[in-house]
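Remarks on the overall topology
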Amino acid sequence: MSQVELEDTIRHSREEPLTGHELRDIKDANHLYQSGSFKLQIDALLPNVRPKESGRQQLDHFLFALRTHCISIPSIEPLNPLTAAKILSKKGVAVPFAFPLPLRDAKWKVAFEPPREIYVVGSWGNGIAVKKQNGSRFGVDLCMEMPETLFQEKDYLDGRFFHKKSYYLAVLAQSISTAFDVDTFYSCAHGDPRLTTLVLRPRNGSKSHDFSKSHAEVHVILVLSSSSPLSLSRLFPSHSNVRMLSSSSQPPFPTPIYNNAILLSTYAKEALMSTYRLKNALPAFHDAYTLLRVWANQRGYGDGEFCVRGFEGKGSVWAGLLCYLISGEEPVGTKSGSTELRKPLGKGLSSYQLFKTALDFLAKQKFGETPVFTKTTNGHRCPPEEYITHHPAVFVDAASTINFLSDVPLTSLDLLSHDAKETLEQLSNSGTSSDTFADCFLESRFKLSSRFDAVIRVDLSQASSIQSTPALVEHGSPDAALLASISSTLRRGLGNRTQAIAILQPVTPCRPISSAESPNTSTVYIGLIYDPTHAFRLVDHGPSAEDQDLDVAKEFRHLWGNRAELRRFKDGRITESVVWEVTTSDERAHIPVSIVRHLLQLHFGISAKYARTLQTPFDNILRLPDNVRRLHRATGGYKAAATAFDAVVRNLKALDKELPLALLNVSPISEYLRYTSTFAPLPIPALASTELPESLHFLPTIPIILEYEKSSNNPKNKARFFETIAQSLMTLNPELKVSVAIGDSSNQFQGCAALEIFTAEGWSFSAFIWHDREATLLDRIIDPSKMFVGPSDQQYNAREQREAKIAKELYNRRFIHAPRHHRAIANLCHKFSAYSGTVRLVKRWLAAHWLLQTHISEEAIEIICALPFIGAKQKSTESAAIVPHSKERGFSLVLELLTDWKWDGPLRLPLYEDDPLATAPEVWTSNGPDAITIHRLRAFAREASKALRNAETELDIKSLFLHSTDDYDIIIQLNPAVLPRYYQNINAESSVWTGDSHPGITKSTPRPGFDPLPLFLADLQVCHAY
C-alpha cells in the first residue's frame, strides 16, 4: 500500500471530517454540475482527449534532429522569384505563391538563410493539446523565424512578403524531404496560399524518424522576428497594401484581411507566452480550455469531417476567448459612457464554471454589432475605429495585434451563438445527465439533417460569376472569395427568417509538395436554422417609395433582381417588395430554401438543380398521387375535416330541446382532427362513391365522444338512445345520414353501440357516449367487494371478470385517456409548426416497415415524437434553440432517439398541463411493442439514420421507406385492386386504379372505416399467433 493510500485509510478509520476541497467537490456535484455522475463523466473525459506520454520521447528526438538540420541548411543567394521557383520545380518541389503572382520583371528577389530561432508554440507548446474530432493526429506547431535580412521595409506590398515566405518554405520542404524519412505535405487553411504550412508525418516502416506513437504531426510555421523591417503600423485595417498593375483605373481599396494575414506571422510567440501565463495563474484554465475545444470540435469549429466556414485553423481563438473572459475588456473610445466594460472573472472559478461562462458569452455576444477588445498591457496599437470600420466582426487579442475574426463570416458566428444557446439549454435540463453529457461532448454534430432545419447541397463547380480583384486579394483564393460573397448575400437575403446560416465545407486536404495550388472546393453544404416567427412570411418589404435615398432602393433591386417590384398594400403603403407566391403549406415551408436558390442563381449562376435539398422528396412521401386527388374530386384536408366536425357539433347541440338530456361536450379523439394522420383525410360523397374504383374506396371514420348531463333519466340502453338521436338529426338536417352501429363482440360487458354520422360532403363520424356509471358497474364486477349488495346475491365467474377487465381497459382508453391525449397533441401541433409533419413522417416510416398499429400504437408514436420539441423535464417554447422547425429535422431527431431508446424506463414529458411531470400512460403500450419489436425497431432506426446521412449526398429519400421481405419465410401476395387503401402504398402502381387492370367501378355506397386487410391480419393472428 502506498503512503497516500495508507494516510487515506487512517483518516477514514478515525472518522475525521472531510476536507474543504472534498466538501467543495460534493457541493459542486450537487449544485453546479446538477449530477454527481455528470462530474464523474467530465473527469473521465479530460485525460482521454489529451496526448499520451508514451510517444513524446520519439517526437522530441525528431524535433531536435529537425532543428539541427534546419539551422545547417546552406544559404541561397537572392534570385528572381520565378527563376528560383523553376530551380526548385526541377527537384520536384513547387513554390506555393499567393495572389497576385510575382512578375517576371520583379525588382525584388527571394533568398534563403537558416532560421534564426526554432521553437514549439500553440497548444502543444503549452501542454494543452486536445484530440481532434475525427481522430486525426495532434498538431505540433513548430515555428521557424525567418532572418530579418531577407526582408525589406516595403515587403508588405503586393504580396511580396508571402512570396518570400512561400519560397523559404519550399526550400525547407525540399531539404527536409531529402534528409528525413518522413512524409512531407503542404497544407493551407481555407485553401489560402498565404497561410501555407509544411506538414511532416511519420512514414510507415520508417526506422530512423518514427514518432507515430505520439499520434502527432509537425506543422512547420514561418514567422517574422521581432526585429523585422516591416512596419506594423502599415498593416492597420484601413491601409491598402496591394496595387493592381493590370488596371490603372482600379482605385485603392483597404486590405484588412490581407494585412491581418501578415500580422499572423508576428503573433505566435506572444500567444504562447500569454497562454502560458494564464495556465499558471488560473488552475482551472487547462480543463476549461479542454472542455471548450472538445465542445467546439464536435460542432465543426476545427478539423473534422466538415468545418464551419472561417474556423479552419482557428485553434488560437479558443485560448483567446478564455483570455478575454479572465483578463477583461480594453476600453474603446467610441463607446458611450453608459456602456459598462466586461469585468475580469475571478480566479477561483472551476473549469466547468469557466466553460459555461464562455458559452454564455458566445450565446449573448452579437459580434456583428459589438466589437471585442481584450485587455492589454500597453493599450491599443491600432485605433479601434479602424477595426470597427473595416471588419464585419472584431475580436482583438491581448497583444492588440490581430483580429481573430477577420476572415470569419457573420453567418458562422450566428451559428456559434446558436450552438452555445442550445448547449446551455441542455445543461439547464437536469433530467437526463448522461444524455446531456453525450450531447455536449461526445456526439458528433456532423449529421446535418438533425442539426439544421434545411440542408442545401451546392455544387460550386457550376458557379459562373467571377469574383472581383479586390475580393481575390482579400480572401487569397477564388473559392474563399466566392464563399465569402455567398455568405454575405444569403445573410442579407434571408434576414430575420433564420437564426443561423451555416456554410460547411470539407477541411482542406494536405497536398504533395510538388503541387503549388490547393485543390478547389467542389461541394459545400448550406444549413439553415429557421426563426419560426419570420421564416415563412410571404412578403419581404424594402424601402418605401417616399424614401429619398435612391441608393437603398437600387441596392434592394440589385439583391433581388426581377423579383423586386413596387407594390401598394392594403394599408396604403407603397414599397419595394418581394412576394413569394405559394398555393400549399408545403410550398410555404419551402420559402427560405427558395430564397437561397434564387440568390444563388441570380448572383452566382448556380441553378436550382445544382442547389439540392431534401424537402421536396419528403413532401412527396406524405402526398397522395395527383391522379388520386383528381379522381376523388372532393376538397379534403385537416381544415375541411375540422369544419365538418364543427358542423356535426352544431347539429348535435341543436337537439338539446328534443332530448331528455342536454349535450355538455363533444370531444374529438381522432388523429384526423389533430393533424397527425399520415395522409390528410379525404371525404367521399355518396355520389362520388359510385364512380371510384375499389382501390380508392377507403373512407376514414372519425371517432368522437359525446358527454351528456348526469341525471336519473340516463338511458339504460345506448342503442335505443342513439336511435332517438339519429331520427332527430335526420329530421333536423335531411342531408345527414345517421345510423346506429352495433359492433360484433363476444364480450357482453363491452359497449359496442355507436352513432354513425355521414355528412353530405362525404365525411364519416362515429360517436360514442361517455358516462362514468359504466366504469362503476365494471369495477363492481371486477371486484365484488365494491358492491352495495352482498356478494352472495350477485356472483360473477372468472371469465366474466376477465371480460369486465377488458371492457374497463377499453373504457379508460376511449373515454379517459384518448380525449386527454388528443388535447395535448393538438396543443403541440398548434404550438410547434414542425411537430405535425414530424409525426406524419414517422408514422409513414413505421407503416412502411409494417410496425404501425400492429405492434406500436399511433398514440405512443405521437408521444415519442414530442420529445425533441418539449424536452424531458422542462417545457420548451417554439423559439428554443433545441426545437426543430422543419419536419425533416424532426424526423431525423426521432430516428436518433429510437436508435438508442430505452423502452424499459418511464418516459416523463411535460405533455399534460394538469400534470406536467406525468409519465406517458401505459395504456398506449400495453399491447406492444414487445422485446422483439423493439429490437427490430432499433435496427430499422439505425439503418434509416445511416441512409439519411447518405441521402445528404445521394438524395435518395424513398429508400428509407422501402421494406425488404428477404428475411420472411412466407409472403402472402394480395390483390391490390380490392384493397381500398392500396393507393397509400409507397410503391403503389397507378395502373391499378387508372388502367384496365382494376375490376371496374363499384356501385356500392360508402363503407366508412372498412379495410379488409387489418381484419384479415387479425384473423391470422387469432388463428396462428402464440
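Quick caveat, the model's predicted, so the values are computed rather than measured.

Some points on a nonpolar patch on the surface
There is a patch of nonpolar side chains on the surface, built from I970, I972, L974, L1013 and F1016 and spanning about 470 Å² of accessible area. In this fold, I972 is placed in the loop between α33 (931-954) and α34 (991-994).

Concerning unusual backbone geometry
Residue P100 follows F99 across a cis peptide bond; omega there is 0°. Relative to the elements of secondary structure, P100 occurs in the loop between α5 (81-89) and β2 (110-112). In this structure, P929 follows G928 across a cis peptide bond, with omega equal to 10°. Take P929: it is sitting in the loop between α32 (887-899) and α33.

Some details on the sheet that holds strand β17 (residues 574-579)
The three strands are arranged β15-β17-β16 in an open sheet whose pairing can be described as antiparallel. In the strand order of this sheet, the two ends are held by β15 (539-544) and β16 (565-568), each with one partner. Between one strand axis and the next, the sheet turns through 45° on average, direction left out of account. When β16 meets β17, the two strands line up antiparallel, connected through four bridges. Counterpart to L566 in the pairing with β17 is E576.

Details of the pattern of salt bridges
Inspection of every chain in the model, using the stated rule, returns 45 salt bridges. D453 is the partner of R889 in a salt bridge, and the nearest nitrogen-oxygen pair spans 3.2 Å. With R889 in helix α32 and D453 in the loop between α16 (448-451) and β11 (454-459), this pair connects stretches of sequence that are 436 residues apart. For R889, a relative accessible area of 1% translates into the label buried. Here R629 makes a salt bridge to D626, at a shortest N to O gap of 2.4 Å. Note that R629 and D626 are positioned in helix α23 (residues 626-632) at a spacing of three residues, about one turn of the helix. Because the salt bridges share partners, they merge into one network encompassing E671, R674, K843, E858 and E862.

Observations regarding a negative patch on the surface
On the surface, D435, D439, E443 and D900 cluster together into a patch of negative charge. Tracing the backbone through its elements, the reader meets D439 in helix α15 (residues 433-442). When its relative accessible area of 31% is taken as the criterion, D439 is described as partly exposed.

With respect to the packing of helix α19 (residues 550-560) against helix α21 (residues 591-604)
When two helices pack together, their arrangement is captured by the angle between the axes and the distance separating the axes. Relative orientation of the contacting elements α19 and α21 amounts to 100°, with a least axis distance of 8 Å. Classified by the angle their axes make, α19 and α21 are roughly perpendicular. Where α19 abuts α21, its residues H558, L559 and W560 lie against I595, H598, L599, L602 and H603.

Topic: the packing of aromatic side chains
The final tally for this structure, using the stated rule, is 34 aromatic pairs. Arranged with centres 5.3 Å apart and planes meeting at 35°, the rings of W850 and Y968 form a pair that is tilted. One end of the pair, W850, is in the loop between α29 (835-848) and α30 (858-864); the other, Y968, is in the loop between α33 and α34, and 118 residues separate them in sequence. Connected via pairs of aromatic rings, a cluster forms that spans Y267, Y324, F361, F367, F395 and F404.

A few points about the pairing of β17
Buried residues dominate β17, accounting for five of its six residues. In this sheet, β17 lies alongside β15 in antiparallel orientation, the contact comprising four bridges. Note that in β17 the partner of D540 across the bridge is V578. Remark: five residues form the turn of the hairpin made by β16 and β17, two consecutive strands paired antiparallel; G572 in that turn has positive phi of roughly 95°.

Overview of α29
A rise of 1.5 Å per residue sets the reference length of α29, with its 14 residues, at 20 Å; its end C-alpha atoms lie 20 Å apart and thus fit the reference within 8%. One or two residues past the end of α29 sits W850, with phi positive at roughly 65°.

Rules used in this analysis
- Residues numbered from 1 in each chain as written.
- Predicted model: local features only at pLDDT ≥ 70, side-chain atom pairs only at ≥ 80, totals over all residues.
- Heavy atoms only, no water.
- Patch = residues over 30% accessible without salt bridge, like charges linked within 9 Å, V, L, I, M, F, W, Y side chains within 5 Å.
- Areas by Shrake-Rupley, 256 points an atom, 1.4 Å probe, with all protein chains shown as cover.
- Salt bridge = Lys/Arg side-chain N within 4 Å of Asp/Glu carboxyl O.
- Helix = DSSP H or I, 4+ residues; strand = E, 2+ residues; numbered from the N terminus.
- Pairing = 2+ DSSP bridges.
- Axes fitted to C-alpha atoms, helices over the stretch in contact; angles between N-to-C directions.
- Buried < 20%, exposed > 50% of the residue type's maximum accessible area, 1.4 Å probe, protein only.
- Lys, Arg positive; Asp, Glu negative; His and termini not counted.
- Charge placed at Lys NZ, Arg CZ, Asp CG, Glu CD.
- Parallel < 35°, antiparallel > 145°, perpendicular 65-115°, else oblique.
- Contact = heavy atoms within 4.5 Å.
- Phe/Tyr/Trp six-rings, centres within 6.5 Å; stacked < 30°, edge-to-face > 60°.
- Expected span 1.5 Å × (residues − 1).

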